[in-house]
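# What the coordinates show
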Amino acid sequence: MKSIKNKQLITVLCEPGDETLAVHNPATGQLLGHIPTQSEAEIQQAIAKSHLAQRQWRQKTAKERAVLLHRWFTLMIENQDDLATLMTLEQGKPRKEAAGEVAYGASFIEWFAEEAKRTYGETLPSPFADRRLITIRQPVGVACIITPWNFPIAMLTRKAGPALAAGCTVVAKPASQTPLCAYAVAELAYEAGIPRDVLQLVTHPSARAVGDIFCTSPLVRKISFTGSTQVGRQLMAQCADSVKRLSLELGGNAPFIVFEDAEIEKAVQGAVASKYRNAGQTCVCANRIFVQRGVYETFVSQLAKAVQQLKVGNGLDEGVAIGPVIDASAKAKINRLMHDAISHGARLVTGGEDREGLFVSPAVLADVRPEMAIAQEEVFGPIAPVICFDDEETLLTLANDTIFGLAAYFYSRDIGRIWRVAEALEYGMVGINEGMISTEVAPFGGVKQSGFGREGGRQGIDEYLDIKYLCMGGL
Ligand code: ADP
């Protein structure tokens, strides 16, 4: 990196005698380094500092905050290569995908630097001759952020970007598997001039203990979490006592639907992008691929052919499309779901061989039925379960038959069907003839037990603003 070297970062951050957290490379098992952990008292202190710092941070104009955020964005882009390498080392995704995530992550900083300048209030037509009614929007306060390992940079910036832009201060807990990326990005924020107390990272051996502190501290006004539905439910319950504002981006069970009138080649490309990116470890990954009977066999064989081209290996190696999965329990879950489906009659069309370490062969499973565990649970791995369907109505019932409602995708060229299906899918986001839908300009988020709140888009900053109504009388 221009300003901080990966190795230096690790040494600089760790004072001798600190409690530390070991970070490993999932591709090789190699120990990458240690980062310090904080005690519970230190995490409470971090929140107290954040609370104090917010008084000054909120006094800055949006434009002053935007100057710092723009510098942070520029530093991230200047360090894109090194951040990408660090990400591949600790998270495993192919280097090119990692570079894509750095750019995607940085884009939220740039976007919200600008959006903060447009947090307009309103003048309301008054029903009283002697009163004027106005709304203003103000930062919520201290925002605590908990992020997962699958997008170690983008999940942090997608939350910290709007929070800081709005005038909130941030205390963030990165996932224990991937803290190095978070620390590297935070160092760049400090170099850009963002005060250390305005953006703090904390780590602790117990994620639950951090969650407890965040959710119960009276100084914290907002929790933003991306991760499993199970943990999201728990955080929501814990926030009830102090009635905190919450944004939850939780699990998904995305249907990917191919109708008979679709362009099959495009649908195959979309399925590969949506299913196999990040080795299938994204919450918007296609989890159930529904294909209409008339094109079923053609689609399955074309998908299998495309999947056979995907090279598995260390994400640092040229041409690798599928890196390792994050840990042994992720691999065990993927294998369990795949073998369960096969034992219940699914057909393994390609892949599925056992591999060493944390690598999983990308696979296509045909003749999956909706009631199989693989179609009910989030697979989070490079296995595509394909289900055959006959008509649109039955398909919609099946597609919506889940507690989740994050992303859905479908391929069709019939304009009537496009509107019908897009409106009927009970999901927060729908890709129509497109498998990659994420961008900083659009609101990302789910419905049902996939959570609530939106990240990105002009809506993303609302999560960190309160509306205040002013009634001016005595005119
Ligand atoms: P994943 O399957 O992606 O690891 P988790 O929900 O377990 O999903 O983890 C997402 C983030 O939530 C990580 O930063 C993790 O450390 C944190 N986490 C896990 N359990 C808890 C908890 N009980 N309270 C607060 N945070 C938690």
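All values reported here derive from a predicted model rather than from experimental measurement. (Residues numbered from 1 in each chain as written. Predicted model: local features only at pLDDT ≥ 70, side-chain atom pairs only at ≥ 80, totals over all residues.)

## Some words on the sheet that holds strand S20 (residues 465–472)
So the rule is basically this: By definition, two strands form a pair when at least two bridges between them are found by DSSP. Here a strand is any run of E in DSSP of at least two residues, a helix any run of H or I of at least four, and the numbering for each starts at the N terminus. Helix axes use the C-alpha atoms of the stretch in contact, all axes being lines fitted to C-alpha atoms, and the angles between their N-to-C directions lie in the range 0 to 180 degrees.
The antiparallel open sheet is built from 3 strands, whose spatial order is S3-S4-S20. Single-partner strands in this sheet number two, and they are strand S3 (122–124) and S20. Taking each pair of neighbouring strands and ignoring which way they run, the sheet shows an average axis angle of 25°. In this structure, S3 lies alongside strand S4 (residues 132–139), joined through 3 bridges in antiparallel fashion. Looking at S4, one finds that Leu124 is bridged to Leu133.

## Description of the pairing of strand S13 (residues 363–366)
Spelled out, the test is: Comment: burial labels come from other C-beta atoms within 10 Å of the residue's own C-beta, placed from the backbone, where a count of 20 or more is buried, 12 or fewer is exposed, and between is partly exposed.
Of the two faces of S13, the one carrying Ala363 and Leu365 and the one carrying Val364 and Ala366 are both buried. Summarising the sheet, strand S12 (residues 347–350) and S13 pair through 3 bridges and their orientation is antiparallel. Residue Leu348 lies in a different strand from S13, and its bridge partner there is Leu365. As paired elements, S13 and strand S14 (residues 383–389) share 3 bridges and run parallel to each other. Bridging from a neighbouring strand, Leu365 pairs with Pro385 of S14.

## What to know about the site of the ligand
Short version of the rule: Working rule for contacts: place C-beta from the backbone, and if it is within 6 Å of a molecule or strand, that residue counts as near it. Ten residues, namely Ala, Val, Leu, Ile, Met, Phe, Trp, Tyr, Cys and Pro, are considered nonpolar, four, namely Asp, Glu, Lys and Arg, are considered charged, and the remaining ones, Gly among them, are considered polar.
Among the 14 residues in the neighbourhood of the ligand, the closest are listed as Ala207, Gly211, Gly227, Ser228 and Val231. Secondary-structure elements contributing two or more residues to the shell around the ligand are helix H8 (207–216) and helix H9 (229–239). Among the elements that line the shell around the ligand, the one with the most residues is H8, at 4 residues. Of the residues in the shell around the ligand, the class split is 6 nonpolar, 6 polar and 2 charged.

## Some points on the sheet that holds strand S9 (residues 245–249)
Put simply, the test is: A pair of residues counts as a contact when their C-beta atoms, built from backbone coordinates, are within 7 Å of each other.
With mixed pairing, the 6 strands of this open sheet are ordered in space as S7-S6-S5-S8-S9-S19. Pairing within the sheet leaves two strands with one partner each, and these edge strands are strand S7 (199–201) and strand S19 (451–452). Where strand S8 (residues 220–226) meets S9, 5 bridges bridge the pair, whose relative direction is parallel. Residue pairing for S9: Lys222 is matched across the bridge by Arg245. Contacting strand S5 (142–146), strand S6 (169–173), S7 and S8, helix H2 (residues 40–57) crosses the sheet at an angle of about 150° to S6. Packed onto the sheet, helix H6 (residues 154–166) meets S5, S6, S7 and S8 and runs at close to 165° relative to S6.

## Re helix H11 (residues 293–308)
Residues three or four positions apart in an α-helix share a direction because the helix packs 3.6 residues into each turn. Note the following rule: A helix's residues, less one, multiplied by 1.5 Å, set its expected span. By definition, a residue's bend is the angle between the axes fitted to the seven residues ending there and the seven starting there.
The end-to-end C-alpha distance of H11, which contains 16 residues, comes to 23 Å, matching closely the 22 Å that a straight helix rising 1.5 Å per residue would cover. The largest bend along H11 measures about 25° and falls at Phe299. Of all the positions in H11, only Phe299, Val300, Leu303, Ala304 and Val307 are classed as buried. Where H11 is buried, its residues meet strand S10 (254–258), helix H10 (264–276), strand S11 (286–292), S12, S13 and S14.

## Side note on the domain arrangement of the protein
The test is simple: Either an automatic procedure or a domain database provided the assignment from which the domain bounds are taken.
Looking at the protein, the domain boundaries give domain 1 (7–250 + 450–469) and domain 2 (255–432). Centre-to-centre separation of domain 1 and domain 2, based on C-alpha positions: 31 Å. Domain 1 puts 15 residues into the contact, and the matching count from domain 2 is 19 residues. At 3 residues, the largest contribution of residues to the side of domain 1 that touches domain 2 is made by helix H5 (residues 95–115). Residue composition of the side of domain 1 that touches domain 2, by class: 5 nonpolar, 7 polar and 3 charged.

## A word on unusual backbone geometry
A positive phi angle, near 55°, is found at Ala279, a position not held by glycine. Inspection of the secondary structure puts Ala279 in the loop between H10 and S11. Owing to 31 C-beta atoms within 10 Å, Ala279 belongs among the buried residues under this scheme. For Phe380, which is not glycine, the phi dihedral falls at a positive 55°. Assignment of secondary structure puts Phe380 in the loop between helix H13 (373–376) and S14.

## With respect to the pairing of S9
Threshold: Handedness is read with the strands pointing away from the viewer; a crossover is right-handed when the path from the first strand over the helix to the second is clockwise.
Of the crossover connections in this fold, the one passing from S8 over H9 to the parallel S9 is right-handed. Pairing between S9 and S19: 2 bridges, direction antiparallel. By the bridge assignment for S19, Glu249 is matched with Gly451.

## Re the UniProt feature "active site" (unreviewed entry) in the protein
The following threshold applies: UniProt positions are given in the numbering used here, feature names are shortened, and annotations may be inferred rather than shown by experiment.
The residues that UniProt annotates with the feature "active site" (unreviewed entry) are Glu249. By secondary structure assignment, the location of Glu249 is in strand S9. Excluding its chain neighbours within four sequence positions, the residues that come into contact with Glu249 are Thr226, Gly445, Gly446, Gly451 and Glu455.

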